[in-house]
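The residues making up each chain are set out below.
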Amino acid sequence: MHNSLAQFSEKFPLIPFLQRAEPAFWLNNQVNDAQNYPFSMEMVHDAEARLQRFAPYFEVAFPEMRELQGIIESPIIDIARMKSYLESSNHIKIEGNLLLKCDHALPIAGSVKARGGIYEIIKHAESLAFEHGLLSIEDDYRKLNNEEFRQFFKNYKIAVGSTGNLGLSIGIISAKLGFDVTVHMSMDAKEWKKQLLRTLGVTVVEYEADYSEAVRQGRLEAEQDATCHFVDDENSLDLFAGYAVAALRLKAQLDAKNITVNKENPLFVYIPCGVGGAPGGISYGLKQLYGPDVHIFFAEPTQSPCMLLGMMTGLHDEIDVAQIGLTNITEADGLAVGRASKFVGAQMETIVSGCYTVEDSFLFESLREMFSSEHIFMEPSAHAGFFGPVQLARKGEMYLDTHGLKPFMQNAHHLVWSTGGNLVPNEWRNKYLQK
Ligand SMILES: *Cc1c(COP(=O)(O)O)cnc(C)c1O
C-alpha cells in the first residue's frame, strides 16, 4: 500500500469502522455500469451442458444423486418464521418476503462449492479422457464409474488450496473418479473435514497459515509436476462458470414459483463471500439474467472484509485485511480470507450493489434460530446472508432512493443464499448450537 493509513482513511471514511470491526455497509456506485467481461454466458451454458452429460455418471457414482436424476441442485424455500425473528430481534421491518436458497443441502459436497468444484474436475476428467480416446461426447458417461477409468485417472494429480469446503468438494469428486488428489488446508480448516478426506484416500497437507498461503504452497507444488492440475480458487474460469450455472437454475426455480423479477418486483440477493469465486460466479449469472432488477450484496465477517476492502479501494488483491489491522480470525471458516481474488473483484465492479460485514455472534444466533424455528442446520459461514436484510433496513435508505425502489419494496423478494452445512457431523452441530 503506497498511501499511509491516515490518508487512506480520509479517502475511505468506512475504513475506521472496518478497523474497529464494527458491522459496516458499503454501497458500490458503479453497479450496473457497462463493462466488457472476459467471460460470457456461453461458458455458463457450456458448463450446464457438461454437468448434464455427467448426470448419468453422478447417478451411479453417488447413491444420493439417484432421486435428483444426477443434477447437483438445491431448492428455494420460503422462511417466514425466520423473517419474523429477524424483524423482532433487530427491531426492523423487512418489506417483501424472505426466501432461502438451500445450497447447504447441495448433494455430494454439502456446500456451494459442489457446483464449481465438481464442475472443474469433471471438465478436466472429460478432456483427459477425450484426448486419450477413451470417451466421446455421445457415450454413456456411466462408464466413467468403472475400474478402467479409475486406473487411468490414477496417473494424474489434482491439487487445491482451501479453508475447507472447496477441499471437500474437490477431494470427494477427484477421489471418486480415481485421481491422485492433494488438498492444502489453511489453519482455519476444521478437523472433521480433514479426517473425512483422509478416509477417502485424499492427501491432506496442513498449514499453520491462512488461506492465501495454503493456495500459494499448493500452486508451487503443482507447478513442478506436469501431470498435476491445480484448481486455482483465486483465478479459475472453470470454477466461476460452474458456480454461475446456479443462476440459470435459480431463474427456472423462481419461474416455477411464478415469481417474476422486474423493476416493480425487485430481487435482493445476499451471499456470503470468501475469496469471491462462488458468490462472484453466481452474481455474474444473475446480473446477466436480471440486469438492474437484481440487487446483490456480499456478506463478510467483520475480521475478514477482503472483498469490501478490495472493491471500495479498487486495490482488489493488492490489499490484505491485515494491512488495516484486522486478524482474519472468524468462526466462519469458509469466509476466513484476507485477500480477495483480483479476477473476481474486478468483475464485481459493475455487478455487486454493495458489501457488508457481520459479527460472529450474529452468525451463531442465526444458526440457533434457523435450527429451532425452521429446522434447518447451516454452518456459521452460511448465516452471513441473513444480516443483509437487516443492514438494508437499517442503512439502505440511500440505496433504495437512488435506485427508485421505495414504491416497490412491498413486492420485493429477499433471497438469502445459504452456502454450507449438510456434511457437518452431529458432534459439531451440537457444539455450534451451544455456542
Ligand atoms: C467457500 C464458501 C463461501 C464463499 O465462497 P468463496 O468462493 O470463497 O467466496 C461461503 N460459504 C461457505 C460455507 C463456503 O464454504
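Residues numbered from 1 in each chain as written. Predicted model: local features only at pLDDT ≥ 70, side-chain atom pairs only at ≥ 80, totals over all residues. Heavy atoms only, no water.

Moving on to the packing of helix α4 (residues 80–90) against helix α14 (residues 360–374). In contact at an axis separation of 10 Å, α4 and α14 are set at 140° when each is read in the N-to-C sense. Taken together, the axes of α4 and α14 lie oblique to each other. Two packed elements cross with a definite hand, and for α4 against α14 that hand is right-handed. Contacts from A80, R81, M82, Y85, L86 and N90 in α4 reach F362, E365, S366, E369, M370, S373 and E374 in α14. Class assignment for the residues of the contact of α4 with α14 results in six nonpolar, three polar and four charged. (Axes fitted to C-alpha atoms, helices over the stretch in contact; angles between N-to-C directions. Helix = DSSP H or I, 4+ residues; strand = E, 2+ residues; numbered from the N terminus. Parallel < 35°, antiparallel > 145°, perpendicular 65-115°, else oblique. Left-handed = near helix turned anticlockwise from the far one by under 90°. Contact = heavy atoms within 4.5 Å. Nonpolar A, V, L, I, M, F, W, Y, C, P; charged D, E, K, R; others polar.)

Once that is clear, we can look at the site of the ligand. The immediate surroundings of the ligand are formed by 15 residues, with K113, N165, G274, G276 and T419 found nearest. Between an oxygen atom of the ligand and a main-chain N or O atom of G277, the distance comes to 3.2 Å. T419 is positioned with one of its side-chain polar atoms (N or O) 2.7 Å from a nitrogen atom of the ligand. In terms of residue count, helix α11 (residues 277–290) provides more of the shell around the ligand than any other element does, three residues in total. Of the residues belonging to the shell around the ligand, the class tally is six nonpolar, seven polar and two charged. (Near = heavy atom within 4 Å. Polar contact = N/O pair within 3.5 Å; in protein donor to acceptor, adjacent residues only side chain to side chain.)

Our focus in this paragraph is the domain arrangement of the protein chain. One frequent convention defines the size of an interface as the accessible area lost when the parts assemble. Looking at the protein chain, the domain boundaries give domain 1 (2–39 + 67–108 + 238–434) and domain 2 (112–235). One C-alpha centre belongs to domain 1, the other to domain 2, and the line joining them spans 27 Å. The interface is formed by 35 residues belonging to domain 1 together with 28 residues belonging to domain 2. Counting the surface lost from both domain 1 and domain 2, the interface buries some 2700 Å², and carbon and sulfur atoms represent 61% of this. For the domain 1 face of the interface with domain 2, the top three residues by lost area are D238, L239 and D333, together amounting to 23%. In this assembly, domain 1 and domain 2 are joined by six salt bridges. Residues E379 and K193 are paired through a salt bridge, measuring 3.6 Å at the closest nitrogen-oxygen approach. Viewed at the interface, domain 2 and domain 1 are joined by nine residue pairs in polar contact (both at pLDDT 80 or more). Taken together, the elements giving at least two residues each to the side of domain 1 that touches domain 2 come down to α10 (237–256), α11 and α17 (426–434). (Domains from an automatic or database assignment. Buried area = accessible area lost by both parts, 1.4 Å probe. Salt bridge = Lys/Arg side-chain N within 4 Å of Asp/Glu carboxyl O.)

We now examine the side chain of S74. Checked against the element boundaries, S74 lands in the loop between α3 (41–61) and β2 (76–78). Of the polar contacts made by the side chain of S74, one reaches the side chain of D103; its length is 2.8 Å. Excluding its chain neighbours within four sequence positions, the residues that come into contact with S74 are K101, C102, D103, L106, R115 and Q253.

Attention now moves to the environment of G70. Position of G70 relative to the elements: it lies in the loop between α3 and β2. In this structure G70 comes out as buried when scored by relative accessible area, which is 2%. Once the C-alpha coordinates of G70 and F58 are considered, the two residues, twelve residues apart in sequence, prove to be 5.1 Å apart. Non-local contacts of G70, meaning those with residues more than four positions away in its chain, are made with A55, F58, E59 and M65. (Buried < 20%, exposed > 50% of the residue type's maximum accessible area, 1.4 Å probe, protein only.)

Right, let's get into the packing of α3 against helix α7 (residues 165–177). Each pair of packed helices can be described by the angle between their axes along with the distance between the axes. Direction vectors running N to C along α3 and α7 enclose 85°, while the axes themselves pass 12 Å from each other. Judged by the inter-axis angle, α3 sits roughly perpendicular to α7. Between α3, through Y57, F58 and A61, and α7, the contact on the second element is made entirely by I173, K176 and L177. Of the residues in the contact of α3 with α7, the class split is five nonpolar, no polar and one charged.

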